[in-house]
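# Coordinate analysis (summary)
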Amino acid sequence: MPEQAATVPDRSTVRLALVVGGLVLAVLLGFGLGRMNGTTTTTGGSSAAALTADHTHPPGTGAHDHGSVTGADQGAAADPGGLSVSSAGYTLVPLATEFPAGRPGQFRFQVRDVQRRPVTRFAVVHDKPMHLIVVRRDLTGYQHLHPTMAADGTWTVPVTLAQPGVWRAYADFTVVADNGGQSALTLGVDLVVPGTYEPRLLPVPATSTTVDGFSVAYQGSPQAGVTVPLTFRIDGADGDAVLERYLGAYGHLVALREGDLGYLHVHPEPELADGQVKFWLTTPGPGRYRLYLDFQVANQVHTAEFTLTVP
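Now for a look at the structure at hand. All figures in this text were calculated on a predicted structure; none of them were measured in a lab.

### As for the overall build of the protein
Scanning the protein from terminus to terminus reveals 2 helices and 18 strands. Every one of the 311 residues in the protein was classed for burial, and the buried ones make up 41%. Long-range contacts, defined as pairs at least 24 residues apart, comprise 65% of the intrachain contacts of the protein with a sequence gap of at least 6. As displayed, the protein has an accessible area near 16,500 Å², and 55% of this comes from carbon and sulfur atoms.

### Quick word on the pattern of salt bridges
Within the structure shown, the criterion is met by 9 salt bridges. Across the pair Arg136 and Asp138 runs a salt bridge, and its minimum N-O distance is 2.6 Å. Accessibility assignment for this pair places Arg136 and Asp138 in one class, buried. Ionic pairing is found between Asp190 and Arg137, a salt bridge with its closest N-O pair at 3.1 Å. Placement of the pair is Asp190 in strand E9 (residues 182-193) and Arg137 in the loop between strand E4 (130-136) and strand E5 (143-145), with a sequence separation of 53 residues. With a relative accessible area of 29%, Asp190 lands in the partly exposed category.

### Re the sheet that holds E9
Read across the sheet, 4 strands follow the order E5-E4-E8-E9 without closing on themselves; strand pairing throughout is antiparallel. The two strands at the open ends of the sheet, each matched to only one other strand, are E5 and E9. Geometrically, the sheet is characterised by an average inter-axis angle of 20° between neighbouring strands, direction not taken into account. Taken together, the 7 bridges between E4 and strand E8 (residues 165-176) define a ladder with antiparallel strand orientation. Residue pairing in the sheet places Leu132 in a bridge with Ala171 of E8.

### Description of the sheet that holds strand E2 (residues 90-94)
Pairing is antiparallel in the open sheet, where 5 strands are placed in the order E1-E2-E3-E7-E6. Of all strands in the sheet, those with a lone pairing partner are strand E1 (86-87) and strand E6 (148-149), marking the two edges.

### Re the side chain of His252
Among the structural elements, His252 can be located in strand E14 (residues 252-257). Its relative accessible area of 1% is what places His252 among the buried residues. Reaching out from His252, the side chain makes a polar contact with the backbone oxygen of Tyr246 at a distance of 2.8 Å. Within the structure, His252 has its side chain in polar contact with the side chain of His267 (distance 3.0 Å). In this structure His252 touches His126, Tyr246, Leu247, His265, Val266, His267, Phe279, Tyr292, Leu293 and Asp294, once residues within four positions along its chain are discounted.

Reading the values: the criteria
Here the residue index of a chain counts from 1 through its sequence in written order. Restriction of local features to residues with pLDDT of at least 70 applies here, the model being predicted, together with a cutoff of 80 or more for giving and counting side-chain atom pairs; totals for whole chains, interfaces and linings are based on all residues. Only hydrogens and water are set aside when side-chain values are computed; all heavy atoms of the structure are taken into account. The numbering of helices and of strands both runs from the N terminus, where a helix is a DSSP run of H or I of at least 4 residues and a strand a run of E of at least 2. Throughout, exposure labels follow a simple rule: accessible area from a 1.4 Å probe, protein chains only, divided by the maximum for the residue type, with under 20% read as buried, over 50% as exposed, and the rest as partly exposed. Contact criterion: two residues are considered in contact whenever any of their non-hydrogen atoms come within 4.5 Å of each other. The Shrake-Rupley method, run with a 1.4 Å probe sphere, supplies the accessible areas, and residue values consider only the shown protein chains as cover. A carboxyl oxygen of Asp or Glu within 4 Å of a side-chain nitrogen of Lys or Arg is what we treat as a salt bridge. If DSSP finds at least two bridges between two strands, the strands pair. All axes are obtained by fitting lines to C-alpha atoms, using only the stretch in contact for helices, and the reported angles, taken between N-to-C directions, cover 0 to 180 degrees. Here a polar contact is recorded for every N or O atom pair within 3.5 Å, except that within protein the pair must consist of a potential hydrogen donor and a potential acceptor, and residues adjacent in sequence are included only if both atoms are side-chain atoms.

Below, the structure is given as structure tokens:
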């Protein structure tokens, strides 16, 4: 019986086998390297947790405390707010940014989401859904305002910017997402008043001042990155002033850092301590700060201002 000839694969079959084998080897090597590096790739949009990751607040602290928080047991300072027009997918959009010096005007703006839609759901925090702080870049002309919102998400507030220069407007608010989650944010934008800008020097640091016939003094020594108490005493002409709650608290303290105008808004302990208002302040870094203390007596709101140097 004749011997049967051996079957020899043709060249195309050999080439195909080599290509397939190479692909399999490449996949296996990639999988192994990925496991060694511990890396994974994910796709998809931002989650609700990502929106609030930069705005966590300690127990007992209101969501309106931005940049710095109340409570003696808090850790490192948070970054100051108001340095950006956008954060966490939300953008502050002014409808006009130029105002005449010393003449009443209307500041109108919207807060828009990542899809450029006006936001219309805000939490009421310290009696208001929106707190607007306005100050000139030399830290003069401080105003604490409360805009009202139309159905289309446009906020409006009367404002008078007394002197020429660049002013900073801080929108301090808490957004309520569709799923009920809340994100506390402070966004900032510059406003322009045409004219000759003559900046004023900051007053020298002091722990006491007078405003509208009241003597206001504080005790405490802020340190960069450390939470320390600041206790304010307010005296009238006849002794201790009878403080009233303003926006749900006995005082509101705003601190602005000279230079970049980083923003901190701090609320006090819920009750007075020996007639004094006690805050816990965490300054994010060294430098000079301007402090603005809002307090109310006899249904009138007053603002005491201090210059503070943090070593």
